[in-house]
Amino acid sequence: MTLTPKNADDSCLINQTVPAGIFGSPSEHLDEKAQIPNSPSKTNPNPNSGNDLERGHSHPVENAATASLSSSSDDEDSEDDTDFPEGGLKAWLVVFGSFCAMISVYGIINFAAVFESYFSTNQLAGYDSSTIGWIFSVYLFIVFFFGIQVGPVFDRYGPRLLVLVGSVLVVASQLLLGLCEQYYQILLTYSVLGGLGGALLNVPAYGVIAHFFKRRRGLATGVAATAGSVGGIVFPIFLQAVIPKLGFAWATRIIGFILLFLSVIANVLVRSRLPPSRHPVRVLPDWSLFKDLKFSFCCAGVWFMEWGIFTPLTYIVSYAAAHGQNPNDAYTLLALLNAGSFLGRFLPGFLADRFGRFNIITMTNALCVITILAFWLPAGDSHAMLIVFAVTFGFASGSNLGLYPVCIGQLCEARHYGRFFSTAMMTGSFGTLTSLPIAGALLGIGGGQEQGWLALILFAALSYAIAMSCFLGARVLAVSWRVKEVY
């Protein structure tokens, strides 16, 4: 690996390596490293290194004794950040624990369309689409926004308590949801209680993977992220079969017990490896991170990507029902979308490790635009076209929520991942908060249904186009327009 930042985490000074023979013996290298803060280098091979020094990644020394201690400490830090297991039983068990935790977050998100369709025809039949959309937007907003507090806590104290409390809240949300009849009850139980639980689970589920994987982080994260697809396949089919027989209340209670079982596994397996971060726990976002334009573009891409992905996921069942599809077929459509996303979460993660994380997420966002305009826009009442859209969009969008955490990890050290990731999630949370109300309002445009659906579909496509441009902008800032560059 050269000094040019190309691979995961290479943009961080501490993760870069130096070719043999340039600085002499290892002991000389350590001595020079200890002197960096007192005697700045005249040449700066890495444009990001200055920012890293300002953020406190190297430790100033006052005398020879403290210089030696600082050098030793920095060497241990460097080893911690570069000597990743990249596999083995312990590491993959952590990935499986993250998988179980993510089902309680993204598995719930990916069958939100079932709840939206059920609420709009039962408990909330008197409410318009935009008002019902706030239920799911508030849930997503809380999951992502409160990560800004969860991330630094994870970096400082580890995942154990976070995963435990988050599991209790998520399970309680599903057990109580079946008792809710009023709008405010659903909002408090599903959105607030479930959202807080999801926020406590989300950051540790991604963060612990960054502790065990660096070179293969895209693959490992993609494997864990298939949890959303599994939940999105199993739960809609389960609800389709159980609601007519046992009712909505018992269907959600059974889901709660399933999540309880998965939560036990997550609490046993999810663990950290790297030493805790020395950064103090902050309640407010770390605004200094936005000085890095690559990070700022990446956060903007997350915002618009949230606008794009959750609109089809939430409204595809209602779209199919509005165009004459059988309700059972509409639920099956959501399962097909998530089946497509299963491969879409795993394969792009594998390719991202080889061809570059920003390269792959840019291409998958472009593919989302193509599938929306080519298959959903002209679908109408064509059942075959809707199936094609569900599978292709599922594949294209499957990588969205799995790749952007890996892209964030490429811009920071592993031990500070929680702080960077939670700040990016805080930005994206405002995208999730506004996406479904905007989509619901667009659905009510004009007197005819078709005009509203047209506006909603174009909104999703435009959002993905802007997201693609933002991720492309981050890549260009890092490696210019070199097409063959792996980044």
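Residues numbered from 1 in each chain as written. Predicted model: local features only at pLDDT ≥ 70, side-chain atom pairs only at ≥ 80, totals over all residues. Heavy atoms only, no water.

Focus on the overall build of the chain
Quick reminder of the rule: Here a helix means four or more residues in a row that DSSP labels H or I, a strand means two or more in a row labelled E, and each is numbered from the N terminus. Think of it in three bands: residues with accessible area under 20% of the maximum for their type are buried, residues over 50% are exposed, and the middle band is partly exposed, with areas taken using a 1.4 Å probe on protein chains only. We call two residues in contact whenever any of their non-hydrogen atoms come within 4.5 Å of each other. Here the accessible surface of atoms and residues is derived via Shrake-Rupley with a 1.4 Å probe, and residues count as covered only by protein chains that are part of the display.
Secondary structure assignment for the chain yields 18 helices and zero strands. Within the span of the chain, comprising 487 residues, buried residues form 57% of the whole. Look at the contacts in the chain between residues 6 or more apart in sequence, and 84% of them connect residues 24 or more apart. Taken as a whole, the chain presents about 18900 Å² of accessible surface, with 67% of it coming from carbon and sulfur.

Details of unusual backbone geometry
Look at S480: it is not a glycine, yet its phi comes out positive at around 65°. Turning to its location among the elements, S480 is positioned in the segment after α18 (449-479).

Some points on the packing of aromatic side chains
Put simply, the rule reads: Pairing of aromatic side chains requires ring centres within 6.5 Å, counting the rings of Phe and Tyr and the six-membered ring of Trp. Pairs whose planes differ by under 30 degrees are stacked, by over 60 edge-to-face, and all others tilted. Two conditions define a charge sitting above a ring: the NZ of Lys or the CZ of Arg must be within 6 Å of the ring centre, and it must be within 35 degrees of the ring normal.
Taken as a whole and judged by the stated rule, the model has 30 aromatic pairs. The interplanar angle of 15° and the centroid separation of 5.0 Å between the aromatic rings of F141 and F145 together place this pair among those described as stacked. Taken together, the residues F141 and F145, both in helix α6 (residues 129-145) and four residues apart, mark about one turn of the helix. The exposure class of F145 is partly exposed, given its relative accessible area of 22%. Centre to centre, the rings of Y319 and W376 are 5.7 Å apart; their planes meet at 75°, and the pair counts as edge-to-face. With Y319 in helix α12 (residues 293-322) and W376 in helix α14 (residues 357-376), this pair connects stretches of sequence that are 57 residues apart. A single burial state applies to Y319 and to W376, both of which are buried. Sitting over the ring of W250, R253 keeps its end group 4.9 Å from the ring centre.

Quick notes on a nonpolar patch on the surface
Put simply, the rule reads: Like charges are joined within 9 Å and nonpolar side chains (Val, Leu, Ile, Met, Phe, Trp, Tyr) within 5 Å, but only among residues with over 30% relative accessible area and no salt bridge; these make up the patches. Salt bridges are defined by distance alone: a side-chain nitrogen of Lys or Arg within 4 Å of a carboxyl oxygen of Asp or Glu.
A contiguous nonpolar surface patch, about 600 Å² in accessible area, is contributed by L246, W250, F257, L260, V264 and V268. At five residues, helix α11 (residues 248-269) tops the list of elements feeding residues into the nonpolar patch. On the secondary structure map, L260 appears in helix α11.

Some thoughts on the environment of A112
Mapping A112 onto the fold places it in helix α5 (residues 112-121). Along the backbone, A112 and F136 are 24 residues apart, and their C-alpha atoms lie at a distance of 7.3 Å. Residues within four places of A112 in sequence aside, it is in contact with F136 and Y190.

What about the nonpolar core?
To keep it simple, the criterion reads: Among buried residues, those of type Ala, Val, Leu, Ile, Met, Phe, Trp, Tyr and Cys that are joined through side-chain atoms within 4.5 Å constitute a nonpolar core.
The biggest cluster of nonpolar side chains holds 126 residues, and the ones touching the most others in it are Y190 and Y404. Considering every element that reaches this core, the biggest residue donor is α12, with 14 residues. Those residues in contact with Y190 that sit more than four places away from it in its chain are I108, A112, F115, I135, F136, Y139, S173, Q174, L177 and G195.

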